[in-house]
Amino acid sequence: MCGIIGYVGHQQALPILIEGLKKLEYRGYDSSGVGIICLDEPKIMIRKCEGKICNLQELLKTHGLPESTIGISHTRWATHGVPSRVNAHPHSDCSGKILVVHNGIIENYQELKSVLVKKGHKFLSQTDTEVIAHLIEEHSEKDFLTAVQKTIRQLRGAFALGVIHSDHPETLIAARIGSPLIIGLGKNENFIASDVPAILDRTAKVIYLKDGELALLRKNLVQVYTFAGKSVRPKIDQVSFTVGSVHKEGFAHFMLKEIHEQPNVLTQMFSSRIKGFQIHLEGLQLTDAELKGFDQMMIVACGTAYHAGLVGKYIIEKLAGISVAVDVSSEFRYRSPIITPKTLILAISQSGETADTLAAVKEAKAKGAKIISICNVLGSSLARESDGVLYTHAGPEIGVASTKAYTAQLAMLYLLALKLSRVRKKISRKTSQELIKDLKEIPSLYQRILKHTQSISRIGHDNAHFGCFLFLGRNLNFPSALEGALKLKEISYIPAEGYAAGEMKHGPIALIDEYRAVVCIAVQSDTYEKMISNIEEIRSRRGKIIAIATEGDDSIKERVHEVIYIPSTNPLLTPLLVALPLQLIAYSIATKRGCDVDQPRNLAKSVTVE
Ligand code: G6P
C-alpha cells in the first residue's frame, strides 16, 4: 500500500506532488507528507500530518514550504507504527539531509535498526522505513547513488523507494522490488509514482521500473541500474489510455455513483464482447485449441475479486466442465499447488496491483503455468505479468468497497465460461444462445432494481442498529452471501459473516436470537426449498430475517420480516442480480451509522503489501 510521488524538474514541485498524491489516496489515507529541498541553503524541509491528504493541504496553507523544483511525497497505510504525524513519511536520518518515502515492508528492519542504534543513530518513528534513511547516512562517505545502492542490498522484503539528499539537490533516486513504481518522463522534468494515473496528466511517456532496478533521475536525465549496479537500457512505453471521470456527479458518495453505473458497465461490455451469439474475448491470447487443452483451472484473487472467482467456479464447472480451484492469493503461494502444463491460471483483480495476487501469479508462472487475468486497470502490473488479459473496462472505481468492478468481473466470468463451453462443446448451441440472451437482459434488470434504491435503503436504515449480521446463500449464491457480508463489514464496521446456508446448523445457528439480523438469499433455484427450510430454522429462533427473493414469490413474505425482490432471470445468472441489493443494504446501513463509506477506516483500495 501507500502512494509515492516524486518530482525533479523546472516547475514548482509542491503543487505537482500534492495533486499526484490526491490521485494515489486510494492506496492509503491514514497520514501523508511531503518533503522538498529548499534550494537556497540547500536543506530539506518537510510537512506531514495524520489523516487524509486534505489535512496536509490545510497544514500547507498555514505552514507553507519555500519554492523548490525537487521533492517527494507519500500517502500512508500503516504497517509498522500507528497512523500519526511522526510515523508519516518522508523519514529522515540523523544529519537531516536525507529524505525517504517508502511503500512495502522491510522485513529485516529490526535487526538493521539494532545495529544502527548501537552505532548511535537516533530513531524518531516506529516505522520500518526510517532504517533506510539511516542506512544511507551510514554509507554517505560514498557518492549518493552508491550509498543508496549499498543500502538497498542490505534490505529484505518488498519495497518501492524515493530518496532525495540536500547535498545533491538535483538528484532523485528511486528503486523497487515487489512494490510497484514507475518513472514518468517529461521535458526538462521527470517523475516517480506508484502508478501511471498519478502523473498521466503530466506525461504519457513512462518506464515501468522492473523488480530489482534502481533509477537516478535529474531534470534532463534518467539512468537505470540493477541493484548490483549494472547499467540497464530501460524500455520506454507510451501510455495509450486516459483516466476517466472521477467526479461524484450529484451522488452523495462515489460508492453510490458506482452502484448506479453498473447497468452501463455491463451494457458496454456486452456490446463489445457479444456479436450476434458469438463471444469475443480479445486480449485472452489463447487459441480455441489451447482452450480445449486445459484440464483444470485455478483462480487466484483477494477480497471481492475472490468472491467473483468463487462464483466463476460454479459457472465454469457447470457450463464448461473444467474443474476449477479457487484460492485467496495469499494462501495459493504457500500451499504447493499442483500445476501441470494443462493448468490455466486465472487471476482476478480490479486494480491489478494487489501484492498477494501478483505474488501468486509469479509463483504459478515460475511453475510453467499459462496466466490469464480479469482486470480493470489498464496497464497495471498484473496485466503486464499475464499472458492474456480480459479488461472489464468498468472505469475508475474510487469507492474502496468494490461494486461495479465486482459485477463486471462476474459478467466477464460468464462470458469466459460461455466461450469455454462452446469451444469444448459442453452445452448445446441453443442453451448457449438462450443464456447469452438472458445475459444481455441483465443491464435492464439492473435498472429495475435500482428504481427501488429508496425502498431498499429504508430496509437498511431500519436495521442499521443490529450489532451482528449473518448472510446466507446456497450454491452459486453462497459466494454472494460472502460478498454481502464483506460489503457490510467493510463500510459499516458491523461484524458480519457469510455462510453457506446448509452449513448454518454447524455453528452459526448458535448466534441467532432476536438481536441478530440474517440476510437470506432465497431466489428461485434448485435449492429454493432448502433455503426456505433454513429460513424456518432462523424464524424458530427469532432471528430478524431480510430475504432477497424473486419477484412473484409472495409466499415468502409470511416467513420473513423484510423482502427485497429481484426480477426473475435464469437461475445461473442470479449472482449478478443479488449483488445490487446487497451493495445497497451495506451502503444504507453504513450511511445511517455515519460511516465514511468511500474511505472506510483501515482499508485501502489497492493492497500492495503481502
Ligand atoms: C482491497 C480492497 C477490496 C478488493 C481487494 C482486492 O482489500 O479494499 O475492495 O476487493 O483489495 O483488490 P483487487 O484490486 O485485487 O481486486
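Residues numbered from 1 in each chain as written. Predicted model: local features only at pLDDT ≥ 70, side-chain atom pairs only at ≥ 80, totals over all residues. Heavy atoms only, no water.

## A few points about the layout of surface pockets
Counted as a void, the second largest pocket has a volume near 560 Å³. Surrounding the second largest pocket, 25 residues form its lining, Tyr-208, Lys-235, Asp-237, Gly-379 and Arg-384 being those nearest its centre. Mapped by element, the contributors of at least two residues to the lining of the second largest pocket are β11 (205-208), β15 (237-238), α11 (355-366) and α12 (381-385). At 4 residues, α12 tops the list of elements feeding residues into the lining of the second largest pocket. Two domains share the lining of the second largest pocket, each providing at least three of its residues, namely domain 1 (3-239) and domain 2 (244-440). (1 Å grid on protein atoms, 1.4 Å probe; cavity = no way out; pocket = protein on both sides within 12 Å on 5 of 7 lines; lining within 4 Å. Points joined across faces, edges and corners; volume = space filled by probe spheres on them. Helix = DSSP H or I, 4+ residues; strand = E, 2+ residues; numbered from the N terminus. Domains from an automatic or database assignment.)

## Notes on α11
Here α11 spans 16 Å end to end across 12 residues, near enough to the 16 Å set by a 1.5 Å rise per residue. Considering only its buried residues, α11 is in contact with β18 (296-301), α10 (329-332), β20 (343-349), β21 (370-375) and α12. (Expected span 1.5 Å × (residues − 1). Contact = heavy atoms within 4.5 Å.)

## Describing the sheet that holds strand β4 (residues 70-76)
Ordered by their spatial adjacency, 8 strands build an open sheet running β3-β2-β4-β1-β10-β9-β11-β15, and the pairing between neighbours is antiparallel. Each having just a single partner strand, β3 (43-50) and β15 make up the two edges of the open sheet. Of the strand pairs in this sheet, β11 and β15 are connected by 2 bridges, and their pairing is antiparallel. If you follow Val-206 over to β15, its bridge partner there is Asp-237. Strand contacts of helix α1 (residues 13-23): β1 (3-8), β2 (31-38), β4 and β10 (190-193), with the helix running at about 155° to β1, the strand carrying the most contacts. Of the strands in this sheet, β2, β3 and β4 are in contact with helix α2 (residues 53-62), which crosses β3 at around 130°. (Pairing = 2+ DSSP bridges. Axes fitted to C-alpha atoms, helices over the stretch in contact; angles between N-to-C directions.)

## Digging into empty space enclosed by the protein
A water-sized probe rolled over the atoms picks out the places where empty space is left. In the structure shown here, the tally under the stated rule is 2 cavities of 30 Å³ or more. Roughly 50 Å³ of internal volume is contained in the largest cavity. Taken together, Cys-2, Arg-76, Trp-77, Thr-79, His-80, His-89, His-102, Asn-103, Gly-104, Asp-128 and Thr-129 make up the full set of residues lining the largest cavity. Looking at the lining of the largest cavity, the element that brings in the most residues is strand β6 (residues 98-106), giving 3 residues. Among the residues forming the lining of the largest cavity, the class breakdown is 2 nonpolar, 7 polar and 2 charged. Taken together, Ile-5, Ile-16, Glu-19, Gly-20, Lys-23, Ala-198, Asp-201 and Arg-202 make up the full set of residues lining the second largest cavity. With 4 residues, the top contributor of residues to the lining of the second largest cavity is α1. (Nonpolar A, V, L, I, M, F, W, Y, C, P; charged D, E, K, R; others polar.)

## A few points about the sheet that holds strand β22 (residues 388-391)
Pairing is parallel across the open sheet formed by 5 strands, whose spatial order is β19-β18-β20-β21-β22. In this open sheet, the two strands that pair with only one neighbour each are β19 (323-328) and β22. The mean angle between the axes of side-by-side strands here comes to 20°, regardless of whether they run parallel or antiparallel. Those strands touched by helix α9 (residues 303-320) are β18, β19 and β20, and its axis lies near 170° from that of β19.

## Some details on the packing of aromatic side chains
Applying the stated criterion to the full structure yields 4 aromatic pairs. Geometrically, the ring pair formed by Tyr-7 and Phe-191 is tilted, given 5.3 Å between the ring centres and 55° between the ring planes. Within this pair, whereas Tyr-7 is found in strand β1, its partner Phe-191 is found in strand β10, the two being separated by 184 residues in sequence. As far as the burial class goes, Tyr-7 and Phe-191 line up, both buried. Centroid distance Phe-466 to Phe-469: 6.2 Å. Interplanar angle 85°. Geometry classified as edge-to-face. One exposure class covers both Phe-466 and Phe-469, and it is buried. An aromatic cluster of at least three residues, connected via ring pairs, comprises Phe-466, Phe-469 and Phe-471. (Phe/Tyr/Trp six-rings, centres within 6.5 Å; stacked < 30°, edge-to-face > 60°. Buried < 20%, exposed > 50% of the residue type's maximum accessible area, 1.4 Å probe, protein only.)

## Overview of the site of the ligand
Thr-304, Ser-349, Gln-350, Ser-351 and Thr-354 are the nearest of the 14 residues found near the ligand. For the ligand, an oxygen atom lies 3.0 Å from a polar atom in the backbone of Thr-304. Within the side chain of Ser-349, one N or O atom sits 2.6 Å away from an oxygen atom of the ligand. For the ligand, the protein covers 91% of the area, taking 390 Å² as the surface of the free molecule. (Near = heavy atom within 4 Å. Polar contact = N/O pair within 3.5 Å; in protein donor to acceptor, adjacent residues only side chain to side chain. Areas by Shrake-Rupley, 256 points an atom, 1.4 Å probe, with all protein chains shown as cover.)

## Details of the pairing of β1
Of all 6 residues in β1, 6 are buried; the element is thus mostly enclosed. The two faces of β1 match: Gly-3, Ile-5 and Tyr-7 on one face and Ile-4, Gly-6 and Val-8 on the other face are all buried. Judged from the 6 bridges that link them, β1 and β4 form a sheet pairing that is antiparallel. By the bridge assignment, Ile-5 is partnered in β4 with Ser-73. Where β1 and β10 come together, 4 bridges link them in antiparallel fashion. Residue pairing in the sheet places Gly-6 in a bridge with Ile-192 of β10.

## Let's talk about the domain arrangement of the protein chain
We note that the domain assignment places domain 1 (3-239), domain 2 (244-440) and domain 3 (451-610) within the protein chain. Between the C-alpha centres of domain 1 and domain 2 the distance comes to 34 Å. Each partner contributes residues to the interface: domain 1 has 4 residues there, and domain 2 has 6 residues. Roughly 510 Å² is buried in total at the junction of domain 1 and domain 2, and carbon and sulfur atoms are behind 53% of that figure. Summed over the shared surface of domain 1 and domain 2, the number is 1 salt bridge. At the boundary of domain 1 and domain 2, one finds 1 residue pair in polar contact (both at pLDDT 80 or more). Considering only residue class, the side of domain 1 that touches domain 2 consists of 3 nonpolar, no polar and 1 charged. (Buried area = accessible area lost by both parts, 1.4 Å probe. Salt bridge = Lys/Arg side-chain N within 4 Å of Asp/Glu carboxyl O.)

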